Each structure stands twice: as structure tokens, then as C-alpha cells.
Amino acid sequence: MNINQLSESFKTFAKRECEGSSDLYEFLSLKIAEDDWLLELSSYAREGQPIPNLLLGAVHYLLLKGKNHVLREYYPSIVEHSKVVKESYIHFQSFCELYREEIISILQEKLVQTNEVRRCAYLYPTFSYIYNKTNRPLALIEIGTSAGLQLLWDKYSYSYLSNEVYGDHNSELRIIAEIRGEKTPKLLSKSPPVNHRFGLDLHINDVTNEEDSLWLNSLIWPEHYERRELFKQAIECIHNNRNEINLIEGDGVELLPHIVDQIPPEAVIGVFHTHVANQMPENTKYKLLEYVKEIGEKRDVFHLYNNMWDRDLHLDYFINQIEHNEIIGETDGHGRWFSWKL
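Please read these numbers as outputs of a predicted model, since none were measured by experiment.

Parameters at a glance
- Residues numbered from 1 in each chain as written.
- Predicted model: local features only at pLDDT ≥ 70, side-chain atom pairs only at ≥ 80, totals over all residues.
- Heavy atoms only, no water.
- Core = buried A, V, L, I, M, F, W, Y, C linked by side-chain atoms within 4.5 Å.
- Buried < 20%, exposed > 50% of the residue type's maximum accessible area, 1.4 Å probe, protein only.
- Helix = DSSP H or I, 4+ residues; strand = E, 2+ residues; numbered from the N terminus.
- Contact = heavy atoms within 4.5 Å.
- Phe/Tyr/Trp six-rings, centres within 6.5 Å; stacked < 30°, edge-to-face > 60°.
- Lys NZ or Arg CZ within 6 Å of the ring centre and 35° of its normal.
- Pairing = 2+ DSSP bridges.
- Axes fitted to C-alpha atoms, helices over the stretch in contact; angles between N-to-C directions.
- Parallel < 35°, antiparallel > 145°, perpendicular 65-115°, else oblique.
- Nonpolar A, V, L, I, M, F, W, Y, C, P; charged D, E, K, R; others polar.
- Left-handed = near helix turned anticlockwise from the far one by under 90°.
- Salt bridge = Lys/Arg side-chain N within 4 Å of Asp/Glu carboxyl O.
- Arc of directions from axis to C-beta.
- Disulfide = S-S within 2.5 Å.

(A) Spotlight on the nonpolar core. Counting residues in each nonpolar core, the largest one holds 51 residues, and the members touching the most others are Phe127, Trp153, Tyr156, Tyr158, Tyr160 and Ile175. Within the residue set of this core, elements represented by two or more residues are α7 (120-134), β1 (138-143), α9 (225-241), β8 (268-273), β9 (301-305) and β10 (312-319). Take this core: its biggest share by element is nine residues, from α7. Among residues more than four places away in sequence, those in contact with Ile175 are Val117, Arg118, Cys120, Ala121, Tyr156, Ser157, Tyr158, Ser159 and Leu230.

What follows is the structure, encoded as C-alpha cells:
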């Protein structure tokens, strides 16, 4: 990206993602959008990465790691009583100048892999919908799995702003979300059966590793206490169910056909990815769709995704070699709400 494109990406991030969600990141992003030096610094990120998330995550990472700088006083994730956001930018600039080389190293080496647990709020009704159509156990393949936290969606419990609880009723991790619009999904009281779980990623994050866990924590925005708590609880769930997950490092799209070959025919294949496809080159997106189509010529397969062509949640599937394409609805980036159109 050139400087103008980078500037627009930070403005869009501030308006579309941060407004009403993070006052600190909204303010910083709008300021960065007008700062050529910081835009040039952000340009060291790998191609295809969401640059605002990566730069802000890199700074957050260094602060959480213990860098002693006045900027830490503006981060609610670090201090109990954070200072006024509008006074933060001069210190953000100073921090980036002081730790420029370390920030560049992070931008070049790290990936944005948020693995937002609360996105499971819309995975649960969607996989319930799939199970109601097939009445067969699911074999999950997640592309861009990061640490595999979303692969355990059936191990969490859910509440949709009512007294009803769904999913694993014994789970200590409770996800609360809002269903917007006139339609609501048919929710199964208990989680549908899952027989296989494969998580594919260019870099697998091991939450038992302190460095990987710290990076994932850094990608959670400073004001988001609930997200951070859900992340901690999901890590515990990973510890308790680690033997059920097969995490494989490599190109998830290229690996897909090989993984499918390992899944017995009695299972329904559920390929899914959330907020990952925006990092894929366009030819990779088309290759993924072609692979799913090839799988669908031989067996039933469901492909659930967003952020590939637009912000909607899509469900493409093949049953008895017949193709179906549906739009589930809109989703909030952090899973706080979703709409249901089916």
C-alpha cells in the first residue's frame, strides 16, 4: 500500500471497527491516518495483513511485555485507572520512535490471529442448522485456526439475551450475544455431535506457550475486559480437550483436500473460517471455492465463512451433489451480535 491507501485503511478501521467499541484505538487510528512517519512505519507489515490491527497489536504487545513508558497509563488492560484518551497520541508517537526497530520486527514476523472466542455465538446456531439438515456428526476443518479456540465451539455454553442456555450446559465458559432482526435460528438445546476437529494455519499458536499466549492477548483491544476473560477461559478449555484437536501448520487451502481424505464418510464435513479470508490473495479464494466444489462432487460438505467478498456470513454447501448458497446474516467483528436471515 502507498501512504494514501494506508491512511484510508486506518480511517476505515477507526470508523467501521473501533467506533463505539474502543475509544483509544479509534482516536489513535484517526491520528495515525494523518501521520506520514507512522504510516511509513506501519508499511513494514507483511502483504495481506490488516495493518491497523497489526501495528496497534505490536505496541500493545510491547507494553504488556513490560516496556516502561508513560503510554502504558492510557491502556485499561495495563492500569486500573487509565488516563484521558485525547492526551495519548504524543506518547504513542514517542513510544513508536523509541521502539521502532522492535515494532518493525513484530510487523514483519507476526500475524493477526485474533481467534475471537465470542464469534462462536454465531457458529453454534449455524452448525445446529447444518446438523438439523443432515442428522449426522460433524467433522470440523477450520482454516486460519490460530490456537484452535473456535474449534471447541460445542464445548461452550450460550445465551442470547434470554434465560435459555444452549450448548454445553456444564461449561464454565458462557458466551452472551444478541440476535438482531425479525428472524431467529432454531437453536438446539445441546451441542450437536462433533467427531473430528482439524485446525489449519500458517502459524499455529500454542496457548501453553507464554510467547504465543501473550501475542494473542495483545490482539485483544485494551478496553475489552470481557473478551480477555473469555480468552482465559477458552485457554483452560483447550487444556482440558487438547487430545480432541488436531492442529496442523501449513497453507490451509492447499491442505484441505488431504485432510478431507482422512475423514470417514459417515461424518459431514464442515469447513469454516471467520475473519480470515480478507488476508487471502484473490486467486487463493477462488482455489478454496473450487476445492469445496470438488469435495461436494463426492460427498456432503458445508463451507461457512465471512470477510471473503463482503461482511456477510455465508454458507455454501453440497448435499447429494446439489449446490446451495445461502447468506446467514451480518455479524459483528467481535461476535457481540449477529442477524439471522434463513
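Picking up where we left off.
(B) Local environment of the packing of aromatic side chains. In this structure the tally under the stated criterion is 16 aromatic pairs. Geometrically, the ring pair formed by Tyr122 and Phe338 is edge-to-face, given 6.3 Å between the ring centres and 70° between the ring planes. On the criterion of sequence distance, the pair formed by Tyr122 in helix α7 and Phe338 in strand β12 (residues 337-339) is long-range, its members being 216 residues apart. We note that Tyr122, like Phe338, is buried. Here the basic side chain of Arg227 rests over the ring of Trp221, its NZ or CZ set 6.0 Å away from the ring centre.

(C) Expanded view of the pairing of β1. Judged by how many residues are buried, β1 sits mostly within the fold: six of six residues are covered. Judged by which residues are buried, β1 turns out to be covered on both faces: Leu138, Leu140 and Glu142 on one side and Ala139, Ile141 and Ile143 on the other are all buried. Of the strand pairs in this sheet, β1 and strand β6 (residues 194-201) are connected by six bridges, and their pairing is parallel. What sits directly across from Ile141, in β6, is Phe198. Pairing of β1 with β8, which is carried by five bridges, proceeds in the parallel orientation. Across the sheet, residue Leu138 finds its bridge partner in β8, namely Val268.

(D) Expanded view of the packing of helix α1 (residues 3-18) against helix α4 (residues 51-64). Packing of α1 against α4 leaves a shortest axis separation of 9 Å and a crossing angle of 80°. Of the possible angle classes, the one that applies to α1 and α4 is roughly perpendicular. Contacts from Leu6, Ser9, Phe10 and Phe13 in α1 reach Ile51, Pro52, Asn53, Leu55 and Leu56 in α4. For the contact of α1 with α4, a count of residues per class yields seven nonpolar, two polar and no charged.

(E) Focus on the packing of α4 against helix α8 (residues 210-218). Here α4 crosses α8 at 125°, and the two axes come no closer than 8 Å. Taken together, the axis directions place α4 and α8 in an arrangement best described as oblique. Pair α4 / α8 crosses with right-handed handedness. Across the interface between the two elements, Leu54, Gly57, Ala58, His60, Tyr61 and Leu64 from α4 touch Glu211, Leu214, Trp215, Asn217 and Ser218 from α8. Here the residues of the contact of α4 with α8 are counted per class, giving six nonpolar, four polar and one charged.

(F) Just the sheet that holds strand β11 (residues 322-330), in detail. Strand order in this open sheet of seven strands is β7-β6-β1-β8-β9-β10-β11, and the pairing throughout is mixed. A single partner strand is all that each edge strand has here, and the edge strands are β7 (246-249) and β11. On average, each strand axis in the sheet is inclined to that of its neighbour by 15°, with strand direction left out of account. Where β9 lies against β10, five bridges are found, and the strand directions are antiparallel.

(G) Quick look at the pattern of salt bridges. All chains considered together, the criterion is met by 16 salt bridges. Of the charged contacts in the structure, one is a salt bridge between Glu244 and Lys155, with a shortest N-O distance of 3.4 Å. Here the residue Glu244 occupies a position in the loop between α9 and β7, and Lys155 occupies one in the loop between β1 and β2 (157-159), the gap between them amounting to 89 residues. Lys287 is paired through a salt bridge with Glu254; the nearest N and O atoms lie 2.8 Å apart. Remark: Glu254 occurs in helix α10 (residues 252-260) and Lys287 occurs in helix α11 (residues 282-296); sequence separation between them is 33 residues. With a relative accessible area of 34%, Lys287 lands in the partly exposed category. Under the relative-accessibility criterion, Glu254 is labelled partly exposed at 32%. Beyond isolated ion pairs, a larger network of salt bridges with shared partners links Asp154, Lys155, Arg197 and Glu244.

(H) Representation of helix α5 (residues 89-98) in the model. Along α5, the positions that sit buried rather than exposed are Tyr89, Phe92, Phe95 and Cys96. Buried positions in α5, seen along its axis, are confined to an arc of 115° and lie on one side of it. Of the residues in α5, the exposed ones pointing more than 90 degrees away from the buried face are Ile90, Glu97 and Leu98. Contacts from the buried residues of α5 go to α2 (23-32), α3 (36-42), α4 and α6 (100-109).

(I) How the structure looks around the state of the cysteines. Per the counting criterion, the structure on display carries zero disulfides. Here Cys18 stays free of any disulfide, with the sulfur of Cys96 as its closest cysteine sulfur at 15 Å. Judged by relative accessible area, Cys96 falls into the buried class, the value being 0%.

(J) Here's a closer look at the environment of Lys86. In this structure, Lys86 sits in the loop between α4 and α5. Sequence separation of Lys86 and Asn132 is 46 residues, and the distance between their C-alpha atoms is 51 Å.

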